[in-house]
Amino acid sequence: MWRLRRAAVACEVCQSLVKHSSGTKGSLPLQKLHLVSRSIYHSHHPILKLQRPHFRTSFQQFSSLTNLPLRKLKLSPIKYGYQPHRNFWPARLAARLLKLRYLILGSAVGGGYTAKKTFDQWKDMIPDLSDYKWIVPDIVWEIDEYIDLEKIRKALPDSEDLAKLAPDFDKIVESLSLLKDFFTTGSPGETAFRATDPGSESDKPYRKVSDKEKIDQLQEELLHTQLKYQRILERLEKENKELRKLVLQKDDKGIHHRKLKKSLIDMYSEVLDVLSDYDASYNTQDHLPRVVVVGDQSAGKTSVLEMIAQARIFPRGSGEMMTRSPVKVTLSEGPHHVALFKDSSREFDLTKEEDLAALRHEIELRMRKNVKEGCTVSPETISLNVKGPGLQRMVLVDLPGVINTVTSGMAPDTKETIFSISKAYMQNPNAIILCIQDGSVDAERSIVTDLVSQMDPHGRRTIFVLTKVDLAEKNVASPSRIQQIIEGKLFPMKALGYFAVVTGKGNSSESIEAIRDYEEEFFQNSKLLKTSMLKAHQVTTRNLSLAVSDCFWKMVRESVEQQADSFKATRFNLETEWKNNYPRLRELDRNELFEKAKNEILDEVISLSQVTPKHWEEILQQSLWERVSTHVIENIYLPAAQTMNSGTFNTTVDIKLKQWTDKQLPNKAVEVAWETLQEEFSRFMTEPKGKEHDDIFDKLKEAVKEETIKRHKWNDFAEDSLRVIQHNALEDRSISDKQQWDAAIYFMEEALQARLKDTENAIENMVGPDWKKRWLYWKNRTQEQCVHNETKNELEKMLKCNEEHPAYLASDEITTVRKNLESRGVEVDPSLIKDTWHQVYRRHFLKTALNHCNLCRRGFYYYQRHFVDSELECNDVVLFWRIQRMLSITANTLRQQLTNTEVRRLEKNVKEVLEDFAEDSEKKVKLLTGKRVQLAEDLKKVREIQEKLDAFIEALHQEK
């Protein structure tokens, strides 16, 4: 019975297959029967003759992804005919059900493993938002106090445990393929393994075409996927930027007041700024990494840097050299796209065109300021910080373009200067060289590649960038030449990586967004990428920026600690040298010394205002008389004294005093006052202060004094007011008491004695030494002196005969003197007689005037009676009293101007000079020099560098 029931079930299966087979009538071939029906005795088809089909015991199956053959499947032979075993059909059915269970379990386990792996990948793609924890409320960060997340995470199985639970997927694939082949319908005479027959002639051409199309399709899908990924990143960056702006706007309203930490790249940039000013006098070199951007002129260096910075920040020119000094650009991530200079607090909003234009103009002005007269380029660095969303953190230095020929308008040494600047930056063993090559020109015309290969022959820190690839693809006849350039086969230069970028269509007004879109569109349709001449990771400035940033930070992590140790050793050496040479002095650098000197100078200027009025008046009166005494004696007193009577004397004196006051006297007085102020100021500035005096400030004080005197000008209105005062003083002739009379006589005697002494010295020089000096000091007279001596003796005889002789010799008197000398054998010239007479008569007159002073000592009584009924006339004493009184009043007036106005103006000028010197670093270096200053300067800078390096290293470890 069970056999009949089993056969009936088998027949039902066969009948159902017959009913559902389309286009087949009559008897059903054995090949289309169910496997179960073919494996048992079929009592309803006695005519059917079972034949064993010729199975191929092996087959080769291909995958469109791997093209690798699967394992060979061995099929067990099937026995035909009646099978008298009892539980055969239920056993086969149970086997199928068990396989189905494994499929379901494998799918579940594999799906869970794939989901966890996908979650880990997305988790790695999410940016690090640890610096913006303050945006999220504090309650979120306190969740771990209420929920043990670590315990939940440990409870989840690892990927390795999930992989152990998964079955052998190769066996599952083989089982599925076998089931598919068993149930596949085919035409009569074909086996179930026709699709896997490797010997089929009709399938071979179809398989070749399919592989090529699949490769092309996969390449296009890869490009589209990359572009889609970049667009998603850009969209997320824009959304992130908008969110940050909103957060900062709320923070401005006072919602958040947490202090943001200084970014890692800003800390590193500060270290580089300090190092750029450091004078390596102690063999301590700057080996910290930077990205040095070098290239031929107009190769696109600036454009590449602008694409990395995502803003048009540099001046532009058509073929003209625009980069005239190195520009250090520090890129960092921030909520707003802004730029600012190291020494300025102004922020330039890079999203506004007017701010971009102002930034470019400021960079151009700074470059011109750095370039000295007679030069074209300068080694002085301009430091610029650029912050914005999505910017890669790194420090780049844009160098002047390398040139081959010096054109008109350039300094003759421009080419050598650019080479020396480039070598100075590239010889740093940790500097990353970003070599820019213009792809639109012949590679043989490149100069920079030879320079880079000299500085980095093994290419361990060089990244090669081919610009203007769109023009290169148009103009280059052989595309393989571009591939040779990218792969570094056309140059002897080696590099870490090779990149190709497009920096726009050559229009300076193009925006960064337009250039980026054009670059993506070009590489999406470029044959270079489709034909695999370029790899996907080698194109676009975005990929270049990521690669350069990774290389930069790798180099920083490898070298920064070694540099910190080097500076620690340098600091120890400097501190030891200072203790040995200057054990009792503080370590004051140049700026601190300048501040100390500034305070001393200001104290000395304040001391100038504390000079007593009496001291000022004495100095002014004495200085003024020394300046005008010659004019008073020679041009006023002597001509008036040679007149015949007192009326003529007074008239001549009044006329000459009036002319002198109107034209010369006020100006002379102001000059004297200004010179007196300078002398007192110089005395206070340069006077040693005893043990506290520090000669290190002498040059600075001298420079401040000279610059202040140069800038100071006396008040122009002082002369006009002084003229009126002096004129009124000279018109007064009334001597009020005997004391003033005696003071005037004393003043007159001093003046005449000084003139008499000068006259005797002049006569001695004219006639030679007297007999005492000839005998005691063995001196002799010259022939000319002998002639002058004979002439002098002859003229003195004439004066003894007539003591009231006038000041001038008559012609007959000159002739008489000459004939008398000729009679004694002395030949003389009339001009010699006149010159000798002038000195002889001057001495005679001054001696007579001094004798007259002695007579006028008792003449005050006669002066009060206006010399009536008296032969004594002392008008010359009255003249000197008027001069003396004018000097006193003038000195008093000048002293008031000094103390009330000019000293304060001088103090103001000193402060301005000190402020100007404080801003001029070169001036301070020039004026504050010496080993002590340089040692303190180096010690301070090394300490500052070490502290900043230690802080940076600590922050770097925290970021890890």
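Each remark here, short or long, concerns the structure printed above.
Residues numbered from 1 in each chain as written. Predicted model: local features only at pLDDT ≥ 70, side-chain atom pairs only at ≥ 80, totals over all residues. Heavy atoms only, no water.

(A) Just the overall build of the protein chain, in detail. When you go through the protein chain residue by residue, the secondary structure sums to 33 helices and 9 strands. Looking at the protein chain as a whole, 40% of its 960 residues qualify as buried. Long-range contacts, defined here as pairs at least 24 residues apart, represent 79% of the contacts in the protein chain between residues at least 6 apart. Surface exposure of the protein chain reaches about 56600 Å², of which carbon and sulfur atoms provide 52%. (Helix = DSSP H or I, 4+ residues; strand = E, 2+ residues; numbered from the N terminus. Buried < 20%, exposed > 50% of the residue type's maximum accessible area, 1.4 Å probe, protein only. Contact = heavy atoms within 4.5 Å. Areas by Shrake-Rupley, 256 points an atom, 1.4 Å probe, with all protein chains shown as cover.)

(B) Focus on the packing of aromatic side chains. Applying the stated criterion across every chain yields a total of 17 aromatic pairs. When the centroid spacing of 5.6 Å and the interplanar angle of 80° are considered together, the rings of Tyr-268 and Phe-552 count as edge-to-face. Of the two residues, Tyr-268 sits in helix α9 (residues 264–276) while Phe-552 sits in helix α18 (residues 541–581), which places them 284 residues apart along the sequence. Accessibility expressed as a relative area gives 0% for Tyr-268, which makes it buried. Between Phe-552 and Trp-553, the aromatic rings sit 5.3 Å apart at their centres with planes inclined by 75°, giving edge-to-face as the arrangement. (Phe/Tyr/Trp six-rings, centres within 6.5 Å; stacked < 30°, edge-to-face > 60°.)

(C) Seen up close, the nonpolar core. If you look at the biggest cluster of nonpolar residues, it comprises 101 residues, and the most contacted ones within it are Trp-625, Tyr-637, Trp-660, Leu-677, Val-704, Trp-741 and Ile-883. The dominant element in this core, judged by the number of residues it contributes, is helix α31 (residues 875–919), at 17 residues. Discounting chain neighbours no more than four positions away, the residues touching Val-704 are Ile-601, Met-685, Val-910, Val-913, Leu-914 and Phe-917. Phe-341, Ile-432, Ile-463 and Tyr-582 belong to the second-largest nonpolar core, a separate cluster that totals 67 residues. (Core = buried A, V, L, I, M, F, W, Y, C linked by side-chain atoms within 4.5 Å.)

(D) Structural context of the packing of helix α21 (residues 646–663) against α31. Viewed as axis vectors pointing N to C, α21 and α31 meet at an angle of 20°, and their least axial separation amounts to 10 Å. By the angle between their directions, the pair α21 and α31 is classed as roughly parallel. In this structure, the crossing between α21 and α31 has a hand that is right-handed. Residues Ser-646, Phe-649, Asn-650, Val-653, Asp-654, Leu-657 and Trp-660 of α21 form the contact with α31, whose own contacting residues are Asn-875, Asp-876, Leu-879, Arg-882, Ile-883 and Met-886. Across the contact of α21 with α31, the residue classes tally to 7 nonpolar, 3 polar and 3 charged. (Axes fitted to C-alpha atoms, helices over the stretch in contact; angles between N-to-C directions. Parallel < 35°, antiparallel > 145°, perpendicular 65-115°, else oblique. Left-handed = near helix turned anticlockwise from the far one by under 90°. Nonpolar A, V, L, I, M, F, W, Y, C, P; charged D, E, K, R; others polar.)

(E) A negative patch on the surface, seen in detail. The grouping of Glu-380, Glu-912, Glu-915, Glu-919, Asp-920 and Glu-922 at the surface amounts to a negative patch. In terms of residue count, the dominant contributor to the negative patch is α31 (3 residues). Counting through the fold element by element, Glu-380 comes out in the loop between α11 (353–370) and β5 (382–388). The partly exposed category is assigned to Glu-380, whose relative accessible area is 35%. (Patch = residues over 30% accessible without salt bridge, like charges linked within 9 Å, V, L, I, M, F, W, Y side chains within 5 Å. Salt bridge = Lys/Arg side-chain N within 4 Å of Asp/Glu carboxyl O. Lys, Arg positive; Asp, Glu negative; His and termini not counted. Charge placed at Lys NZ, Arg CZ, Asp CG, Glu CD.)

(F) Representation of the sheet that holds strand β3 (residues 338–341) in the model. The strand order across the open sheet formed by 9 strands is β4-β3-β5-β2-β6-β1-β7-β8-β9, and the pairing between neighbours is mixed. Both outer strands of the open sheet, β4 (348–349) and β9 (497–500), are each paired with one neighbouring strand and no more. Relative to β5, strand β2 (residues 327–333) runs parallel, the two sharing 7 bridges. Bridge pairing in β5 links Leu-331 to Val-386. Along the sheet, α9 contacts β2, β5 and β6 (394–398); its crossing angle with β2, the most-contacted strand, is approximately 165°. Along the sheet face, α11 touches β2, β3, β4 and β5 and points at about 160° away from the line of β5. (Pairing = 2+ DSSP bridges.)

(G) Quick look at the state of the cysteines. A complete count under the given rule lists 1 disulfide for this structure. Covalent S-S linkage joins Cys-856 and Cys-874, the inter-sulfur distance amounting to 2.1 Å. When the S-S torsion is -100°, as for the bridge of Cys-856 with Cys-874, the disulfide is left-handed. Of this pair, Cys-856 sits in helix α29 (residues 830–856) while Cys-874 sits in the loop between α30 (860–864) and α31, and the two are 18 residues apart along the sequence. Exposure remark for Cys-856: the relative accessible area of 0% places this residue in the buried category. Its relative accessible area of 0% is what places Cys-874 among the buried residues. (Disulfide = S-S within 2.5 Å.)

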